[in-house]
Amino acid sequence: MADGTQGIIESFNNDTIKTDLPRFDIGDTINVHVRIVEGTRERVQVFQGVLIGRKGRGVDEMITVRRVVDDIGIERTWPINSPMIAEFEVVRRADARRAKLYYLRDRVGKSRRLRDRRRGMKHVEGLRTKQ
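Residues numbered from 1 in each chain as written. Predicted model: local features only at pLDDT ≥ 70, side-chain atom pairs only at ≥ 80, totals over all residues. Heavy atoms only, no water.

> Before we move on, can you summarise the sheet that holds strand 2 (residues 41-55) with the specific residues and values?
Ordered in space as 4-3-2-1-5, the five strands form an open sheet in which the pairing is antiparallel. Two strands close off the open sheet at either side, each with one partner strand: strand 4 (72-79) and strand 5 (85-92). Between one strand axis and the next, the sheet turns by 40° as a mean value, whatever way the strands run. Pairing analysis gives five bridges linking strand 2 to strand 3 (residues 62-69), with the strands arranged antiparallel. Opposite K55, over in strand 3, you have M62 as the bridge partner. (Pairing = 2+ DSSP bridges. Helix = DSSP H or I, 4+ residues; strand = E, 2+ residues; numbered from the N terminus. Axes fitted to C-alpha atoms, helices over the stretch in contact; angles between N-to-C directions.)

> Quick rundown of the nonpolar core? Include the residues and the values.
One finds F24, I30, V32, I63, V65 and F88 to be the most contacted residues of the largest nonpolar core, which totals 19 residues. Mapped onto this core, the elements with two or more residues apiece are strand 1 (29-38), strand 2, strand 3 and strand 5. With residues near it in sequence (within four places) discarded, F88 still touches L21, P22, F24, I30, N31, V32, I63 and I80. (Core = buried A, V, L, I, M, F, W, Y, C linked by side-chain atoms within 4.5 Å. Buried < 20%, exposed > 50% of the residue type's maximum accessible area, 1.4 Å probe, protein only. Contact = heavy atoms within 4.5 Å.)

What follows is the structure in C-alpha cells.
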C-alpha cells in the first residue's frame, strides 16, 4: 500500500514541477524574477546574486541566492517550483568545487569573486547565458 500511496503523491507533484528551467549550477550568478503582488497590481522584481546552495529534489527543491548590497550580504531562499517565480536567468557561470558555498559569507573584497568557467566549457556547451 505504501508504494501505491507514494506513486499517487508523485503523480500530483509531477504536474506542478516546472519543465522550462535553464541549467544552473552552484556558483553561477543568476537573475531570479520574482512576482510581487501589491494590492491589485502585480510586478516582477529581479534579484541577482550568486547561487550558493541547492537543497531537496522534485517539488521540494530549494535554492539559496546571495547578493551583496552596500557591503551587506543578503540571502534569499526560494522553492524552484514556486508560482511566485516568473523565471530564472543565468548571467555568468563560475567554477565551484563545493556543493555549498557558505564560505563566501566570510569573504570581503576581491576574494569574494569566483573564478569564471571558461576553461573546460565542453560539458555545458550550448547553454545560454545572458550577454
